[in-house]
Amino acid sequence: MKSHAQVVVIGGGVVGVSVLYHLTKAGWKDVLLIERAELTSGSTWHAAGGMHTVNGDPNVAKLQQYTIELYRAIERISGQSCGVHITGGIMLAGTRERLDWLKMAKARGRYLGMDLEIISVDEAAKLFPLMDKSHFTGAMYDPIEGHVDPYGVTHAYAKSAQIGGADIVRHTRVTDLEARADGSWDVITDHGNVHAEHVVNAAGLWAREVGRMVGIELPILAMEHQYLITGDMPELAGKKEQLHAIDFEGEIYIRQERGGMLMGTYERAGVAWSEATTPWDFGQDLLPNDLERIAPSLEVGFAHFPALEAAGIRKVVNGPFTFAPDGNPLVGPIRGLKNFWVACGVMAGFSQGGGVGLALSRWMVDGDPGADIWGMDVARYGDWTTLAYTNAKVRENYSRRFSIRFPNEELPAARPLRTTPIYEKLRAEHAVFGDYCGLEHPLWFAPSAREAEDVISFRRSNAHPHVAAECKAVQNSVGLLEISNYGKFDIRGPGTADWLSLVMANRVPAVGRITLTPMLNERGKLIGDFTMCRIAADHVFLVGTYAAETYYMRWFERHMPASGVTVRPCAMEYAGLSVAGPNSRALLQSLVRDDLSSAAFPFMSFRRMEIGMVPGYVGRVSFTGELGFEIWATTDYQRALYDLLIKAGREHGLKLFGGRALNAMRIEKSFGSWAREFRPIYGPFEAGLDRFVDFKKGEFIGRSAAAEERESGGALRLVTFRVEATDADALGDEPIWHDGNTVGWVTSGAFGHRVNHSLALGYVPAALAKADSGFEIEIIGERHKAHRLTGAAFDASGKLMRV
Ligand SMILES: Cc1cc2nc3c(=O)[nH]c(=O)nc-3n(C[C@H](O)[C@H](O)[C@H](O)COP(=O)(O)OP(=O)(O)OC[C@H]3O[C@@H](n4cnc5c(N)ncnc54)[C@H](O)[C@@H]3O)c2cc1C
């Protein structure tokens, strides 16, 4: 084994070899893969090899498409067959809701260029005669599903990488990793050491153990997974290969395997494997079968596909593979560790392995993944993903692998975990809570405990009239919202302003003032949006998205000078309450000595104040678009502050409101939000943030790319639509049509209760951004007329915020 390499990839499963191949393709030749045993010795070797393009996250779906298209290329390069069978697939719906979900998936696929088709039960039965029609209501057909040979794929990647200059060492185990001061690594193995500039953890079933070598606990858990193969079936003899099928009711997938069928299940009572540590002596082993455990799924499967039962079971495979809490991969650099990368938690290696390898290799070589991979970024998780949290969430995710997640559905596992001091008080007011990074936050308030539950639906739900009442209260009197779930950063030191001026696109505000700012990467794309609140010359309170805290910190630390400024994430240190509406000033004024008039405390002011006995910061800003104030106090004061506002609010018509009402109101104002309107695939001009990019202030990251975008105008434009919807509103990811063609996609949608119509925000080609007519938005399979608005639907001039 060589003693030095630019990159050491740990793990020769389908993911590690894909990373290796993509690194060579990107031009890095001095790359070495170290494998403990033979290639495929983790979960790869016994996989069913199924692949499909559909994914809840359109950006992950794109990478899945890429993966499937890659197989022919690596076959050509390596001469190794991947055993690709593109049979096409059908997803079978047994209920109206599932058919609705399929219609939405089809619509999302449309703007990704996917050729999906909703078909009737009769058409489905023609394509897949093994099904018993009586159990189904409809189906979706996808022409590019199929399966591959796991061994063939792994070796095709490996050979292609070797042809590209990579080395692969087998039967060598990495036992430790030691960081050098310059950011490089000593990779310690049982057959000598390698000095590497970069290390990639692609250790699959052992990714947690390799993570622990560098002091991190990756949120990953392996679950046992079983599939069975039937005996030969006369129904298949002499016929074309059967399609892949997914049966949602049974959480079952099924495909042909030689003369029989392969059927796998994601059973409700899933069993975790090696919950705390994975044994190193586990090799190409299988786990004991437990047909009892999957009996309920098999029963459904045999009822829905009767010929399978008659064929009998020839073989059962039970093997472990890993999941992250949300079922998507963990990819990218680890905050705080230089040159340490992960590509793990990949539960669908044969659909996703290629995309993961591509994104990670670009990230390593170019400093940027080159695509929007927020949904797979390891930085989407933080401290709350303890071993037990991950365990609960992975089990839940496994048991619902093929289940529909309704847009208003909050999943119950691992809850409540994190709560703020007023949690019980809000519960007593019949709050319906959502889970955000493990933190409970109020979504809406029901009139009684009995009604405090979401009835899950794709259409307007039972919450609709209550959210309407909350919005009306904000519009007409004053609403109180908990905003503790915002991300917060305390930035201090003499270099504060200079540093912020470099990492943010807008100018740093004067002391006592607030500015909104996008954050751009070097390619001039949006990687964050923040509220900068200047407390003092050398002190800024920065507010952003809490879910992206680690993602932001990773970026901040990468661009941090050696001295002069410190950034401390403090989201859970400060609890937040916001009052908004025409009476909000009078309410807050009754509790503070400071003059809150517009002359003394104008829009976008920020100041330390005492609210009753509570010391806090008050910003004159509100995401609702109304006159409003955000109040930040350390968590120990939150109960007192809440009680004070509730008591004083009585005479001002105060009503509690939640995140759903806030979302509807910010859409009425065309205010974008991180991970929806603002993502690394859009530039600031495309997103309508031009006025928040200050070219006069001098250099900042992304400046020249942003200047180019300003010059060219960018390819896309964020547009607000009024939608002629009926009983369901757009939510996000619906296609936008123009004159009969799909031209864009919705990023957010909701019913605007203050304007009394359905709204959507979405991107369309810049050339169409001024089109006056011809737009439609597809909601659950139906196209609805959409009218482009020239400004925000509510208070377009922004007068109300400034009164
Ligand atoms: C029963 C079953 C059916 C499945 N069916 C499908 C399917 O139909 N479609 C699909 O896409 N996916 C399927 N999967 C999932 C698929 O197998 C995984 O997504 C994929 O194998 C993950 O690959 P990996 O490279 O991340 O991990 P692994 O395959 O676990 O590879 C990790 C490798 O790293 C090596 N390693 C670990 N630690 C070290 C170390 N310290 N030093 C050196 N080497 C090390 C291991 O020996 C191993 O070879 C299935 C899984 C199972 C169990």
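Details of the structure are given in the entry above.
Residues numbered from 1 in each chain as written. Predicted model: local features only at pLDDT ≥ 70, side-chain atom pairs only at ≥ 80, totals over all residues. Heavy atoms only, no water.

Looking at the layout of surface pockets
For the second largest pocket, the calculated volume is near 670 Å³. What lines the second largest pocket is a set of 29 residues, and nearest its centre among them are P333, W363, R554, W555 and R558. Among the elements of the structure, β20 (340-344), α9 (349-366) and α14 (549-558) are those that each provide at least two residues to the lining of the second largest pocket. Element by element, the count of residues in the lining of the second largest pocket is highest for α14, at five residues. Of the residues that constitute the lining of the second largest pocket, the class distribution is 15 nonpolar, five polar and nine charged. (1 Å grid on protein atoms, 1.4 Å probe; cavity = no way out; pocket = protein on both sides within 12 Å on 5 of 7 lines; lining within 4 Å. Points joined across faces, edges and corners; volume = space filled by probe spheres on them. Helix = DSSP H or I, 4+ residues; strand = E, 2+ residues; numbered from the N terminus. Nonpolar A, V, L, I, M, F, W, Y, C, P; charged D, E, K, R; others polar.)

Some details on the packing of aromatic side chains
By the definition in use, this model includes 43 aromatic pairs. Ring geometry for W374 versus W674: centroids 6.0 Å apart, planes at 75°, classification edge-to-face. Of this pair, W374 sits in the loop between α9 and α10 (387-399) while W674 is found in the loop between α17 (659-668) and α18 (703-712), placing the two residues 300 residues apart along the sequence. As far as burial versus exposure is concerned, W374 and W674 are alike and both buried. Arranged with centres 5.5 Å apart and planes meeting at 80°, the rings of F489 and F556 form a pair that is edge-to-face. (Phe/Tyr/Trp six-rings, centres within 6.5 Å; stacked < 30°, edge-to-face > 60°. Buried < 20%, exposed > 50% of the residue type's maximum accessible area, 1.4 Å probe, protein only.)

Let's talk about the environment of N201
Here N201 lies in strand β12 (residues 192-201). Residues N201 and G16, 185 residues apart in the sequence, show an inter-C-alpha distance of 8.1 Å. Within the structure, N201 has its side chain in polar contact with the backbone nitrogen of A203 (distance 3.1 Å). (Polar contact = N/O pair within 3.5 Å; in protein donor to acceptor, adjacent residues only side chain to side chain.)

A closer look at the site of the ligand
The environment of the ligand is made up of 39 residues, and the closest members are E35, R36, T44, G50 and V346. One of the side-chain N or O atoms of T44 is found 2.6 Å from an oxygen atom in the ligand. In the environment of the ligand, an oxygen atom lies 3.2 Å from a nitrogen or oxygen atom belonging to the backbone of L205. In isolation the ligand has 1000 Å² of accessible area, and contact with the protein removes 98% of it. Secondary-structure elements contributing two or more residues to the shell around the ligand are α1 (14-25), β13 (221-230), β18 (313-323) and α9. (Near = heavy atom within 4 Å. Areas by Shrake-Rupley, 256 points an atom, 1.4 Å probe, with all protein chains shown as cover.)

Considerations on the pattern of salt bridges
All chains considered together, the criterion is met by 42 salt bridges. As a salt-bridge pair, K2 and D30 come within 2.7 Å of each other at their nearest N and O atoms. Within this pair, whereas K2 is found in the segment before β1 (4-10), its partner D30 is found in the loop between α1 and β2 (31-34), the two being separated by 28 residues in sequence. A salt bridge links R754 to E626, with the shortest nitrogen-to-oxygen separation between them at 2.7 Å. You can see R754 sitting in the loop between β36 (741-752) and β37 (757-765) and its partner E626 sitting in the loop between β31 (614-619) and β32 (628-634), a full 128 residues away along the chain. Like R754, the residue E626 is buried in the burial classification. Three or more residues joined by partner-sharing salt bridges are found here, namely E224, E267, D290 and R293. (Salt bridge = Lys/Arg side-chain N within 4 Å of Asp/Glu carboxyl O.)

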